[in-house]
Number of protein chains: 2
Amino acid sequence: MKIGIYGYGNLGRGVECAVCHAADAELVGIFTRRDPASLQVKSGVPVYAAEELPNFKDKLDVLILCGGSATDLPVMTPALAADFNVVDSFDTHAAVPTHFAAVDAAAEKSGHIALISAGWDPGLFSINRLYAAAVLPDGADYTFWGRGVSQGHSDAIRRIDGVVDARQYTVPVAAALEAVRGGEQPVLSTREKHTRECYVVAEEGADRARIEREIKEMPNYFADYDTTVTFVTAEELAREHGGLPHGGAVIRTGVTGWDGEHRQVIEYGLKLDSNPEFTASVLVAYARAIHRMHGRGVCGCKTVFDVAPVDLSPLSPEELRAHIL
Amino acid sequence: MKIGIYGYGNLGRGVECAVCHAADAELVGIFTRRDPASLQVKSGVPVYAAEELPNFKDKLDVLILCGGSATDLPVMTPALAADFNVVDSFDTHAAVPTHFAAVDAAAEKSGHIALISAGWDPGLFSINRLYAAAVLPDGADYTFWGRGVSQGHSDAIRRIDGVVDARQYTVPVAAALEAVRGGEQPVLSTREKHTRECYVVAEEGADRARIEREIKEMPNYFADYDTTVTFVTAEELAREHGGLPHGGAVIRTGVTGWDGEHRQVIEYGLKLDSNPEFTASVLVAYARAIHRMHGRGVCGCKTVFDVAPVDLSPLSPEELRAHIL
């Protein structure tokens, strides 16, 4: 399959690497809204200005969209579904229905297929929430994130006056995890599920007490959590907090039996050294799937819920039944 | 959906309970090769002799087959796919291609849909092996079972002369699990992955040393494992080992990045108080899926790989996108 990448941030670079490692994929080019000459492209594939995309209308099987969910993808995905099969990683959970409707209208009209919200949450975590709830209808769901870097929360700290740089880790509360894993169904507040650790580089002479207070009181981002703030040097931040690890767990505890006498626990967990590279790997697997589905005449907007596992694998159905089932 | 159950052992009883708890399912009857009057049926649904099944040809949306994989299902599933949409839990991994071919021929001919090998392994574990390998192509798979009761191994011990009853637990080796979870890709022998614990009730006066030796030397079942044998009274066995717990984990550790510099670990785990009730819950979810797929004109033999997650849930696609994605 012939793949194009639109956007070349952390995610775009991860997709580039994943496509180059996939035996059944060929990377045709990277498309950018920046000056193509300004991009350092590891794989050496051609870089094109975004305006050139219409010239690639019949030269790409799937275009993987690596824009942001806040402002890029709500416009980009419907627009590009007019000319291409596309995959995105739209991750604003609350806005999924709106995004789906816009993308579906565009893709149905053009006869293309568009898969939205691929990645791990939304994505693999969502699939596991669905499977677990379908199998254990009498139960409760828990999603824990971390220990890992939240880029949105790190950005929020960076916007505070006097902050040079910052890295925020989301950390699940061990006691809550243990209770859920043990099959209990505790009611957990936001504060009881996760803590937030912030590593902050402050400007020289900045009022650290004020910065710490502004972080801890920030609504939505930090106010509802037990938050720790540690001031570090720029060197320490680069050395100790340079990576983008993440992970988490989806746990469903349920009961079966006439009197609900048997506890059943399903847990799906990820431990990721590189969040963007893992997300990229998921996008490439879903690019394979929608390329196949489009070949069977499927069009419109889809999510990971609509894709049968068989379509994700480079192996044939016969091989999968013989060796993986 | 109208459901029938064929076979009323541990699994059949679990399916009965799961169907009665599913809001969108109605249990029409239980079919048995035994004398119907001899069955104590918890739900009170009618019990019919297996010979009466042809009279239910148009009265069942799905017939769930709860026979054994050794001799029942290879005959039962293709035969019943001539008249019904069926789900089975065929679990002889090596014989799946043969079983698939026989069932596919029957179901294609009759225009029915037959889903084979549902459960957790094969089943949910298989799905997770597929997803994980598709997302992390450069990696290695590990499946651990237990701690849990292996009914096949318990039966094998019971066939030894002088044994009244027995219960066998399969136990993952903690050190192996730890190494794999840490992202290493160790090469593990059978002995290094699992141990086997046997609790045995011997006849009075039986030669316990001989029984222990016969267990430990039994080819395929025990010879390749570190096996412990503990003799207990019938009362102890009933009191301490009366349940059918099981579980396990599918772990894939892989790398991403241009030089494979980032470790990524995916783990799917189950902790089950009741293995047959959990397997039954999976069968009912897949009954829902194939009923829907048949309504869209799909026929032939399918596996869990062919079923999109959306079809398993009682929720609508809109609800799933809004609340689970």
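Everything numeric in this text was worked out from a predicted model, so none of it was measured.

Caption draft 1: Representation of the state of the cysteines. All names here are of chain A. For the coordinates displayed, the defined rule picks out zero disulfides over all chains. Free of any disulfide, Cys17 has its nearest cysteine sulfur in Cys20, 7.1 Å distant. Its sulfur unpaired, Cys299 is 11 Å from the next cysteine sulfur, which belongs to Cys301.

Caption draft 2: Fine view of the nonpolar core. If you look at the biggest cluster of nonpolar residues, it comprises 164 residues, and the most contacted ones within it are Leu63, Phe278 and Tyr286 of chain A together with Leu63, Phe278 and Tyr286 of chain B. Sequence-distant contacts of Tyr286 of chain B, that is, excluding residues within four places in its chain, are made with Tyr131 of chain A together with Val87, Leu115, Ala118, Ile127, Val304, Val307 and Leu312 of chain B.

Caption draft 3: Unusual backbone geometry, seen in detail. For the bond from Asp121 of chain A to Pro122 of chain A, the omega torsion is 5°, close enough to zero to count as cis. Structurally, Pro122 of chain A is set in the loop between β6 (113-115) and α4 (124-135). A cis amide bond links Gly146 of chain B with the next residue in sequence, Arg147 of chain B, at an omega value of 0°. Looking at the secondary structure, you find Arg147 of chain B in the loop between β7 (139-145) and β8 (148-149). The phi torsion at Ser117 of chain A lies on the positive side, around 65°, for a residue other than glycine.

Caption draft 4: A look at helix α6 (residues 174-181) of chain A. Residue and element names in this part refer to chain A. Of the residues making up α6, those classed as buried are Ala176, Leu177, Ala179 and Val180. Take α6 and look down its axis: the buried residues cluster within an arc of 165°, on one side only. Exposed and oriented more than 90 degrees from the buried face of α6 are Ala174 and Ala175. Close packing links the buried residues of α6 with β7 (139-145), β9 (163-172), α7 (190-193) and β12 (246-256).

Caption draft 5: A look at the pairing of strand β4 (residues 62-65) of chain A. Residue and element names in this part refer to chain A. Burial along β4 is two-sided: Val62 and Ile64 facing one way and Leu63 and Leu65 facing the other are all buried. Of the strand pairs in this sheet, β4 and strand β5 (residues 86-87) are connected by two bridges, and their pairing is parallel. Across the sheet, Leu63 pairs through a bridge with Val86, a residue of β5. Crossover β4 to β5 through helix α2 (residues 73-80) is right-handed.

Caption draft 6: Structural detail: the sheet that holds strand β6 (residues 113-115) of chain B. All names here are of chain B. Within the open sheet, the seven strands sit side by side as β3-β2-β1-β4-β5-β6-β14. Their pairing is parallel. Edge strands, defined here as strands with exactly one partner in the open sheet, are β3 (47-49) and β14 (300-302). Here strand β1 (residues 2-6) pairs with strand β2 (residues 26-32) via five bridges, running parallel. Among the inter-strand pairings, Ile3 is bridged to a residue of β2, identified as Leu27. Each of β1, β4 (62-65) and β5 (86-87) is contacted by helix α2 (residues 72-80), which is oriented at about 175° to β4, the strand it contacts most. Strands in contact with helix α10 (residues 275-295) are β1, β4, β5 and β6; relative to β4, the strand with the most contacts, it is inclined by about 145°.

Caption draft 7: Focus on the relation of the copies chain B and chain A. Superposing chain B onto chain A takes a rotation of 180° combined with a translation of 0.0 Å along the rotation axis, leaving an RMSD of 0.0 Å. The operation mapping one copy onto its partner corresponds to a two-fold rotation axis. Minimal C-alpha separation from the rotation axis in chain B is found for Ala308 of chain B, amounting to 1.9 Å. Both copies share a contact surface, since 100% of the interface residues of chain B are interface residues in chain A too.

Caption draft 8: Quick peek at empty space enclosed by the protein. If you walk through the whole model with that rule in mind, you get two cavities of 30 Å³ or more. Its boundaries defined by the atoms lining it, the largest cavity holds a volume of some 60 Å³. Of all the secondary structure elements, the ones that give two or more residues to the lining of the largest cavity are α4 (124-135) and β13 (262-272) of chain B. In terms of residues, the lining of the largest cavity owes the most to one element, α4 of chain B, which gives four residues. Across the lining of the largest cavity, the residue classes break down as eight nonpolar, one polar and one charged. There is about 40 Å³ of room inside the second largest cavity. If you trace the second largest cavity, you find it lined by Ile127, Asn128 and Tyr131 of chain A together with Leu124, Ile127, Asn128, Tyr131 and Tyr268 of chain B. Among the elements that line the lining of the second largest cavity, the one with the most residues is α4 of chain B, at four residues. A breakdown of the residues in the lining of the second largest cavity according to their chemical character gives six nonpolar, two polar and no charged.

Caption draft 9: The interface of chain B and chain A, seen in detail. Listed by partner, the interface residues are 64 residues for chain B and 64 residues for chain A. In this assembly, chain B packs against chain A so that about 5700 Å² is buried in total across both faces, 66% of it on carbon and sulfur atoms. Seen at the junction of chain B and chain A, the total is zero salt bridges. Residue assignment for the side of chain B that touches chain A shows that the elements contributing at least two residues are α1 (10-21), α3 (96-110), α4, β13, α10 and α11 (317-323) of chain B. Here the residues of the side of chain B that touches chain A sort into 34 nonpolar, 16 polar and 14 charged. In this structure, strand β13 (residues 262-272) of chain A lies alongside β13 of chain B, joined through nine bridges in antiparallel fashion. What sits directly across from Leu272 of chain A, in β13 of chain B, is Gln264 of chain B.

Caption draft 10: Quick peek at the sheet that holds β9 of chain A. All names here are of chain A. Reading across from one edge, β8-β9-β10-β11 is the order of the four strands in this open sheet, with mixed pairing throughout. Each edge of the sheet is formed by a strand with only one pairing partner; in this case those strands are β8 (148-149) and β11 (226-231). Taken strand by strand, helix α5 (residues 151-158) contacts β8, β9 and β10 (194-202), and its axis lies near 145° from that of β9. Helix α8 (residues 208-216) rests against β9, β10 and β11 of the sheet, and its axis sits at about 150° to β11.

Caption draft 11: Fine view of the confidence of the model for chain A. Of all residues in chain A, 100% attain a pLDDT of 70 or more, and the chain-wide mean is 97. Quick note on the complex model: pTM equals 0.96, ipTM equals 0.96.

Caption draft 12: Representation of the packing of α2 of chain A against helix α3 (residues 96-110) of chain A within the structure. Residues and elements named next belong to chain A. Remark: α2 packs on α3, axes separated minimally by 7 Å, with the N-to-C direction vectors making an angle of 20°. Taken as axis vectors, α2 and α3 run roughly parallel relative to one another. The handedness of the crossing between α2 and α3 is right-handed. Listed contacts from α3 to Leu73, Pro74, Thr77 and Pro78 of α2 are His99, Ala102, Val103 and Ala106.

Rules and cut-offs
Residues numbered from 1 in each chain as written. Chains lettered and ligands numbered in written order. Predicted model: local features only at pLDDT ≥ 70, side-chain atom pairs only at ≥ 80, totals over all residues. Heavy atoms only, no water. Disulfide = S-S within 2.5 Å. Core = buried A, V, L, I, M, F, W, Y, C linked by side-chain atoms within 4.5 Å. Buried < 20%, exposed > 50% of the residue type's maximum accessible area, 1.4 Å probe, protein only. Contact = heavy atoms within 4.5 Å. Helix = DSSP H or I, 4+ residues; strand = E, 2+ residues; numbered from the N terminus. Arc of directions from axis to C-beta. Pairing = 2+ DSSP bridges. Right-handed = clockwise from strand over helix to strand, strands pointing away. Axes fitted to C-alpha atoms, helices over the stretch in contact; angles between N-to-C directions. Least-squares fit on C-alpha atoms with pLDDT ≥ 70 in both. 1 Å grid on protein atoms, 1.4 Å probe; cavity = no way out; pocket = protein on both sides within 12 Å on 5 of 7 lines; lining within 4 Å. Points joined across faces, edges and corners; volume = space filled by probe spheres on them. Nonpolar A, V, L, I, M, F, W, Y, C, P; charged D, E, K, R; others polar. Buried area = accessible area lost by both parts, 1.4 Å probe. Salt bridge = Lys/Arg side-chain N within 4 Å of Asp/Glu carboxyl O. pLDDT = per-residue confidence, 0-100. Parallel < 35°, antiparallel > 145°, perpendicular 65-115°, else oblique. Left-handed = near helix turned anticlockwise from the far one by under 90°.

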